Amino acid sequence: MARQASRYVCQECGAAFAKWSGRCDACGEWNAIVEEQPRPATPRGLGVGQGTAIELVPLAGSEADAPRLASGIAEFDRVTGGGLVAGSALLVGGDPGIGKSTMLLQVAGALAGAVPVAYISGEEAVDQIRLRARRLGLGGSPVRLATATGVRDIATTLDGGEVPRAVVVDSIQTMYVDTLESAPGTVAQVRASAQELIHLAKRRGFCLLLVGHVTKDGAIAGPRVLEHMVDGVFYFEGRSSHEFRVLRALKNRFGPTDEIGVFEMTGRGLIEVSNPSALFLAERRSDVPGAAVFAGMEGTRPVLVEIQALVAPSPLATPRRAVVGWDSARLAMVLAVLEARCGIGLAGRDVYLNVAGGMRIAEPAADLAVAGAVLSAASDRAAPSDAVMFGEIGLGGEVRGIGRPALRLREAAKLGFARAIAPAQGGGEAIPQAGIEITEIGHLSDLVAMFGPPRAAPDAAWPQAGGV
Ligand code: TYD
Ligand code: MG
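Predicted model, so just to flag it, every value in this text is computed and none were measured.

J.: Go over the overall build of the protein with me, naming the residues and quoting the values.
T.: Counting secondary structure elements, the protein contains 11 helices and 21 strands. For the protein, the proportion of its 468 residues judged to be buried stands at 48%. Looking at the protein alone, contacts between residues at least 24 apart form 67% of all its contacts between residues at least 6 apart. When the accessible area of the protein is evaluated, it comes to approximately 22,400 Å², of which 53% is carbon and sulfur surface.

This is the structure we're talking about:
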């Protein structure tokens, strides 16, 4: 039989090639391709009768043998879809130092009150974990700790004796299986280690929580292969300059993927934030031009965030458009609609957009608030301080109705806002009044009229490219 040739696998994206090359064709990364020895192939012709018969069960059976394991940390349970499912494997990714180990130790501590829980670290020594646990107020917690990186030893331990109901493995990049030659952290090792652990979790019915580091472009655990193997992928994010953290589901076989859990980082660990709007608006100054409050939705929960814009004369031939926390293509579209449909030209000016507090927004419903912040910055007039904005902007400049207006309005009213600048809801459906007055916007030009024209750029100071 022919010897199997080795493969060349990109350590960034997991793509496999027959030949080595300096640059990965799939993801464009340089120097990421590494030779990997093939795993022994399954011999042809298995031969019926040599395997063990599997059990076929009726579909109509009951699944409720093991109910979900709720940690009691509401923000975590919401994102997982109501608690951990027995036999499932979840991947928690995030930048180094963002707080993954802290969060999972807190979750382990919370679960350990009710069921046996193991925390296996390949990164920290037992004493270090104990020290952290004490700081988190979990000094007396019954969580079982271990420092290990060999999957064979971990699997042997978890396969015998009292099997924990939940197991944290921190992190999958430090784990290795000794049948492979590649170093821990390579795609082959990460994939094989995860496979072994996931298989064991399914067989023994415990919930496996894998910690994964992210690559520089933000993909979880580098090898995307991992994302297909697990039941849920969660991303723990935030900016190191801000003290709050958001847990977001990217994939969840057992729950929704649009819910977020919000935590505040403190010296004594993560604290749940049950009212994120209040946190995100805490440092708002209502009288400054260039800010608008967006009434958004994150899953089933309304969240108010401040959107800030800065419009400044540009010394560059191609003015800068910089966006933090929103989609830059979407900003380009809003600016183009402002120019083409409302005659507000911002060519020759830099536009900066920032979602305050480090939040990231994906909803098109933020269009109107973005336009409001940009218009406010350009005209140097503050937006009404008691108003929230939401609505999707179409290419014709029309402002469209969006989902869940009533929930957004109720949240705004709860936080003391008196007005909403929003579209009329389509289909004749009126926005239910929620103790809040609505200024209806049908076309973007209505919003432009509220702010007035942009202040002239001081051309003398900054000669425009192409100008005289
Ligand atoms: P850590 O959980 O180790 O991050 P990760 O596992 O994602 O690399 O947290 C990083 C540092 O931040 C660590 O020194 C502890 C500190 N920290 C707090 O002091 N309070 C907190 O609430 C959190 C989450 C972290
Ligand atoms: Mg860690």
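J.: If you had to explain the environment of Val214 to someone new, which residues and values would you point to?
T.: Along the chain, Val214 turns up in the loop between β8 (207–213) and α6 (225–229). Considered as a pair, Val214 and Tyr235 are 21 residues apart in the sequence and their alpha carbons are 9.3 Å apart.

J.: Explain the pairing of strand β4 (residues 89–94) residue by residue, including any values.
T.: Burial runs high along β4: six of the six residues are buried. Side chains Ala89, Leu91 and Gly93 of β4 all project onto a buried face; the interleaved residues Leu90, Val92 and Gly94 project onto the opposite face, where all are buried too. As paired strands, β4 and β8 are joined by six bridges and run parallel to one another. When the sheet's bridge partners are listed, Gly94 is paired in β8 with His213. The sheet contact formed by β4 and strand β9 (residues 232–237) spans four bridges and is parallel. Paired with Leu90 across the bridge in β9 is Gly232.

J.: Describe the sheet that holds β4, naming the residues involved and giving the relevant values.
T.: Read across the open sheet, the nine strands follow the order β6-β5-β7-β8-β4-β9-β10-β11-β12; overall the sheet is mixed. Here the strands that pair on one side only, and so sit at the sheet edges, are β6 (144–147) and β12 (269–272). The mean angle between the axes of side-by-side strands here comes to 25°, regardless of whether they run parallel or antiparallel. Strands β4, β7 (166–170) and β8 of the sheet are contacted by helix α5 (residues 187–204), whose axis makes an angle of about 160° with β8.

J.: Account for the site of ligand 1, naming residues and giving values.
T.: Among the 14 residues in the neighbourhood of ligand 1, the closest are listed as Gly97, Lys100, Ser101, Thr102 and Thr266. One nitrogen or oxygen atom from the main chain of Gly97 is found 2.7 Å from an oxygen atom belonging to ligand 1. Within the side chain of Ser101, a nitrogen or oxygen atom sits 2.6 Å from an oxygen atom of ligand 1. Calculation on ligand 1 without its partners gives an accessible area of 540 Å², and the protein chains cover 77% of this total. When contributions to the shell around ligand 1 are tallied by element, the ones reaching two or more residues are α2 (100–112), α3 (126–135), β11 (260–266) and β12. At three residues, the largest contribution of residues to the shell around ligand 1 is made by α2. Taken together, the residues of the shell around ligand 1 sort by class into four nonpolar, six polar and four charged.

Rules behind the numbers
Residues numbered from 1 in each chain as written. Chains lettered and ligands numbered in written order. Predicted model: local features only at pLDDT ≥ 70, side-chain atom pairs only at ≥ 80, totals over all residues. Heavy atoms only, no water. Helix = DSSP H or I, 4+ residues; strand = E, 2+ residues; numbered from the N terminus. Buried < 20%, exposed > 50% of the residue type's maximum accessible area, 1.4 Å probe, protein only. Contact = heavy atoms within 4.5 Å. Areas by Shrake-Rupley, 256 points an atom, 1.4 Å probe, with all protein chains shown as cover. Pairing = 2+ DSSP bridges. Axes fitted to C-alpha atoms, helices over the stretch in contact; angles between N-to-C directions. Near = heavy atom within 4 Å. Polar contact = N/O pair within 3.5 Å; in protein donor to acceptor, adjacent residues only side chain to side chain. Nonpolar A, V, L, I, M, F, W, Y, C, P; charged D, E, K, R; others polar.

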